[in-house]
Amino acid sequence: MAHKIDHRVEQAREAAIEVLRSNAHGPYRGLPRTAGWGYPEPYTRDLMISSLGMLTSGDELLRGRVRRVLQVLAENQSERGHMPGLVHDANDRGASDTTPLFLLGVGVFRRATGEEDFLWGAAAKAMTWMDHQSPDDHIMVAQQPTSDWRDEQWVLGYGLYVNVLLYACLRMFGRQERADELGRLLNKLAVQRDTKHSHVHEGLVLPHKPYYAMWSYKLYSSQRFDLLGNSLAVLAGAASRTRARSLISWVERECEALREGGQLALKLPPCMFPYIRPD
């Protein structure tokens, strides 16, 4: 059984590298394309997430493409440190997740290549930008609705996904005290009361739920399950091992119930619970 699983993993790895190599050169300044058919543009968030696989693949062509993407992003960084939504377009502004994703990409690139000072100036500016995204100076960053990868989905204030990305970046860049404080805030109970006191900072833990809130801000929060944000919380270590185990078990149970009800065809979980249905 183990041999069969290993064979499937190797097949998946080879197929993934083939896709990445196929998309390595696109029509915009020779940068990689986001997708072979639908998206020829070099979207920052997609390429930064893909860079994790590109850098660990051992493929020198792909490693070189990641270097090129990071360098062009640094060239198009705003004066205050913000990264554009399109790698080659300095005017494509407003995304909440592109800057922490850039930091994550730089951090992983440094580890993969041993170039500890790679894009030092751009990374420092990006970290300063993230420092300034906390409206109350408590490290947790806030965002405008529809400003992350979900586009039209409403994420208001302190979003899980962006803050877990920041948590991973703080750990990767050695800012352990700030990471510890952010982890503490993430694991506080989301404020759910009629009166908001100035000394109470909302967190993203939901009462009687094993997963984190999608977002929280003052009196409001969302109990929708964000698969990417919660998965990153587990992978980055923001979730305790106990919470991580409970969270994963909850996802498995929910998916099984959806499949039994004819609402989930695949063995992959949907990106949100509940997901949007035609009716």
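It should be noted that the structure appears before, not after, this text.
Residues numbered from 1 in each chain as written. Predicted model: local features only at pLDDT ≥ 70, side-chain atom pairs only at ≥ 80, totals over all residues. Heavy atoms only, no water.

Engineer: Please provide a residue-by-residue account of the side chain of R110, values included.
Structural biologist: For R110, the position within the fold is in helix α4 (residues 98-113). The buried charged residue R110 lacks any salt bridge, with D117 as its nearest oppositely charged partner at 6.0 Å. (Helix = DSSP H or I, 4+ residues; strand = E, 2+ residues; numbered from the N terminus. Buried < 20%, exposed > 50% of the residue type's maximum accessible area, 1.4 Å probe, protein only. Lys, Arg positive; Asp, Glu negative; His and termini not counted. Salt bridge = Lys/Arg side-chain N within 4 Å of Asp/Glu carboxyl O.)

Engineer: Account for the environment of L264, with residues named and values stated.
Structural biologist: Note that L264 resides in the loop between α9 (241-260) and β5 (272-273). Judged by its relative accessible area of 14%, L264 is buried. The contacts of L264, once residues within four sequence positions are left out, are C255, L258, R259 and P270. (Contact = heavy atoms within 4.5 Å.)

Engineer: I'd like to hear about the packing of aromatic side chains, residue by residue, with values.
Structural biologist: Here the distance between the centres and the angle between the planes together describe a pair of aromatic rings. Summed over all chains, the structure comprises eight aromatic pairs. Ring centres of F225 and W250 lie 5.1 Å apart, and the angle between their planes is 50 degrees; this geometry places the pair in the tilted category. Of this pair, F225 sits in strand β4 (residues 225-226) while W250 sits in helix α9, placing them 25 residues apart in sequence. A residue is classified by how much of its surface remains accessible, and F225, at 0% relative accessible area, is buried. According to the relative accessible area criterion, W250 is buried, its value standing at 13%. Taken together through their ring pairs, the aromatic side chains of Y211, F225, W250 and F273 make up a single cluster. One residue, R243, lies across the ring of Y212, its end atom 5.3 Å from the ring centre. (Phe/Tyr/Trp six-rings, centres within 6.5 Å; stacked < 30°, edge-to-face > 60°. Lys NZ or Arg CZ within 6 Å of the ring centre and 35° of its normal.)

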